[in-house]
Amino acid sequence: MNKLASPLAAATRRFGDLPAFIAGDITLSWRDTKIAVDLLAERLREHGVRTGDRIAVIEGNRIEVPLLILANLQIGAVTVLLSPRFPAATLSSMRTDAGCTHRALWPDSRTPSGSSQPLETRLPSIRELLSQIEHPRPDTTPRETPTVDPDQPATVVFTSGTSGTPRAALHSIGNHYFNALASNENLPVMPGDRWLLSLPLYHVGGLSVVFRCLLAGAAVVFADSATELTGPIIRDQITHLSMVPTQLRRLLAESDLPAAASSLKAILLGGGPIPKPLLNQALSAGLPVRVTYGLTEMTSQVATGTTQEPDRPRVLSHCQVKIADDGEILTRGKTLFLGYVAGAEVHLPLDPDGWYHTGDIGSVDDTGALSVRGRKDNMFVSGGENIHPEAIESALCAIEGIDEAIVVPVPDAEFDARPVAFIRYRSDINLSNAHSELPEETRFRYDHVSLSGELTKTLPRFMLPIAFHPWPHGYSPSGLKTDRAFFIQLAKKLHRPRT
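This section reports on the structure supplied with the text. (Residues numbered from 1 in each chain as written. Predicted model: local features only at pLDDT ≥ 70, side-chain atom pairs only at ≥ 80, totals over all residues. Heavy atoms only, no water.)

### Quick notes on the environment of Gly368
- Residue placement: Gly368 occurs in the loop between strand 22 (356–364) and strand 23 (370–375).
- Overall, Gly368 belongs to the partly exposed group, its relative accessible area being 26%.
- Residues Gly368 and Arg314, spaced 54 residues apart in sequence, show a C-alpha to C-alpha distance of 6.2 Å.
- Apart from residues lying up to four places away in sequence, Gly368 is in contact with Pro313, Arg314 and Val315. (Helix = DSSP H or I, 4+ residues; strand = E, 2+ residues; numbered from the N terminus. Buried < 20%, exposed > 50% of the residue type's maximum accessible area, 1.4 Å probe, protein only. Contact = heavy atoms within 4.5 Å.)

### Re the pattern of salt bridges
- On inspection of all chains with the given rule, the structure shows 23 salt bridges.
- Each of Glu59, Arg62, Glu64 and Asp108 takes part in salt bridges that share partners, so that together they form one network. (Salt bridge = Lys/Arg side-chain N within 4 Å of Asp/Glu carboxyl O.)

### Some thoughts on the environment of Leu268
- Checked against the element boundaries, Leu268 lands in strand 14 (residues 266–269).
- Here Leu268 falls in the buried class, since its relative accessible area comes to 3%.
- Along the sequence, Leu268 and Pro288 sit 20 residues apart, while their C-alpha atoms lie 8.6 Å from each other.
- Those residues in contact with Leu268 that sit more than four places away from it in its chain are Leu187, Trp195, Arg212, Leu241, Ser242, Met243, Arg290, Thr292, Gln301 and Thr304.

### Here's the deal with the packing of helix 1 (residues 7–15) against helix 2 (residues 30–46)
- In contact at an axis separation of 8 Å, helix 1 and helix 2 are set at 145° when each is read in the N-to-C sense. Note that helix 1 runs across helix 2; the crossing there is left-handed. Residues Leu8, Ala11, Thr12 and Phe15 of helix 1 form the contact with helix 2, whose participating residues are Trp30, Arg31, Thr33, Lys34 and Val37.
- In terms of residue class, the contact of helix 1 with helix 2 is made up of 5 nonpolar, 2 polar and 2 charged. (Axes fitted to C-alpha atoms, helices over the stretch in contact; angles between N-to-C directions. Left-handed = near helix turned anticlockwise from the far one by under 90°. Nonpolar A, V, L, I, M, F, W, Y, C, P; charged D, E, K, R; others polar.)

### Description of the side chain of Ser198
- You can see Ser198 is positioned in the loop between strand 11 (194–197) and helix 7 (204–216).
- Ser198 gets classed as buried once you look at its relative accessible area, which sits at 10%.
- Setting aside residues no more than four positions away along its own chain, Ser198 makes contact with Leu229, Leu241, Ser242 and Gln247.

### Details of the pairing of strand 15 (residues 289–295)
- Counting buried residues along strand 15, 6 of its 7 residues qualify, which places the element largely inside the surrounding structure.
- Summarising the sheet, strand 14 and strand 15 pair through 3 bridges and their orientation is parallel. Bridge pairing in strand 15 places Leu269 opposite Val291.
- With respect to chirality, the unit in which strand 14 leads through helix 11 (residues 276–284) into the neighbouring parallel strand 15 is right-handed.
- Where strand 15 and strand 16 (residues 300–304) come together, 4 bridges link them in antiparallel fashion. Directly across from Thr292, in strand 16, lies its bridge partner Thr304.
- Following strand 15, the chain reverses through 4 residues before pairing antiparallel with strand 16; Thr299 in that reversal takes a positive phi of roughly 65°. (Pairing = 2+ DSSP bridges. Right-handed = clockwise from strand over helix to strand, strands pointing away.)

### Observations regarding the sheet that holds strand 7 (residues 119–122)
- Spatially, the 8 strands line up as an open sheet ordered 7-6-4-5-9-10-20-21, and their pairing is mixed. Whereas interior strands pair on both sides, the edge strands pair on one side only; in this sheet they are strand 7 and strand 21 (345–347). On average, each strand axis in the sheet is tilted by 30° relative to the strand beside it, whichever way the strands run.
- Bridge count between strand 4 (residues 54–58) and strand 5 (residues 78–82): 5 bridges; the pairing is parallel. Looking at strand 5, one finds that Ile58 is bridged to Leu82.
- Here helix 6 (residues 173–186) sits on the sheet and contacts strand 9 (153–158) and strand 10 (168–172); the angle it forms with strand 10, its principal contact strand, is near 75°.

### Some thoughts on helix 4 (residues 88–97)
- Among the residues making up helix 4, those that are buried are Leu91, Ser92, Met94 and Arg95. Each buried residue of helix 4 lies within a common arc of 165° when the element is viewed along its axis, so the set occupies one face. Of the exposed residues in helix 4, the ones pointing more than 90 degrees away from its buried face are Ala89 and Thr96.
- Where helix 4 is buried, its residues touch strand 4, strand 5 and strand 9.
- Of the residues flanking the end of helix 4, it is Gly99, one or two places downstream, whose phi is positive at about 70°. (Arc of directions from axis to C-beta.)

Below is the structure:
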């Protein structure tokens, strides 16, 4: 593959004093960013970081992290992004799997290290870096834009783990570059635009925001809170957002939504099935939502809706999609990752024709729009019939008043497995107005009749859940996606198999 112009050098040349990163009262221009990255690269070299080393970062969203990623790219080192929500023993195991040689630490880093530590590399905070930038600041614009090898390893991001143990996915500079390029072609981002970083950098959906803004000259804005969104949207005049359905529900519930919506140009909505009522509610509220389908192994987006058809994702440039005979979605292209990392080894699991098997089930219609029905490994067989729980969840969420639903199988002596549902009702309605005096558990048994009746309008009888359970009180997923394994175990505890 041909060499690429260094993204940071190109951004410094093209966008100079435009904002690049904004975090509270700190704003870095692209020229400031180049100086800070150069300083960081020098510090990393002093700590013995060399080409090919892998640097673990166990942090939330902080402004220093993208600067470290860019500094590592200059050296040829790889940034391994890890969620601080994991326990120390798990983080230690993940670092071993990813082959980490160093761990980056800042003065206020709090995440426990665990055992078997790599070499600690203590780095300056953003304020320390700013104090080292000379005033007036030197012109760091290179006379000639340097080039980079697109195949150079850049980052390791762990998969979400919703279908098993998280795996360490290695991406190249070219993977990030071409994914950002394709995204910006479909969903324009202009110099001076501002993208709120509402997804974590240790997920590919958050990390990809950095590269989109790097190519476009837009600013990455760090959110004050993981839950409150309208405040920073209004204050920082946010133009772009990436979010999952849970975050969209929170945004729609915030009182300042009309004021927030006025500055927004686009919202990328992905991370799992999108209930049609939720999408319609967002569009009715004037939110410029685009449904997107992507995966860590393809460096984020694969297909995304257009302005004219926001709910009909179309495959982006630099990606290819094919539907296998069994309905599985296969992908390949310039954004396909380098492979899964296991220590010093890298394994890229492709079929003989070079396709990556996503594990998702879907179809492409005559117009080229991609529909995703669910995960292949979520499917279960009930009485000889294949059941995709996402189809039942979608039908449930289409019922007025239901905010969220998860369907999982429970063992059954006659049918092998039967579906059961967990339902979260909208907070502003009663479970059953006519029977509001009944205990909650009784009302859910009563609702079994009415809910089954609604579902028979769109689903065959073998797909009807045999039980409807209330949403677990206080349940909060550890990540951005609902933990289906948690609900499978809960259903087994609640279900009494027939004898």
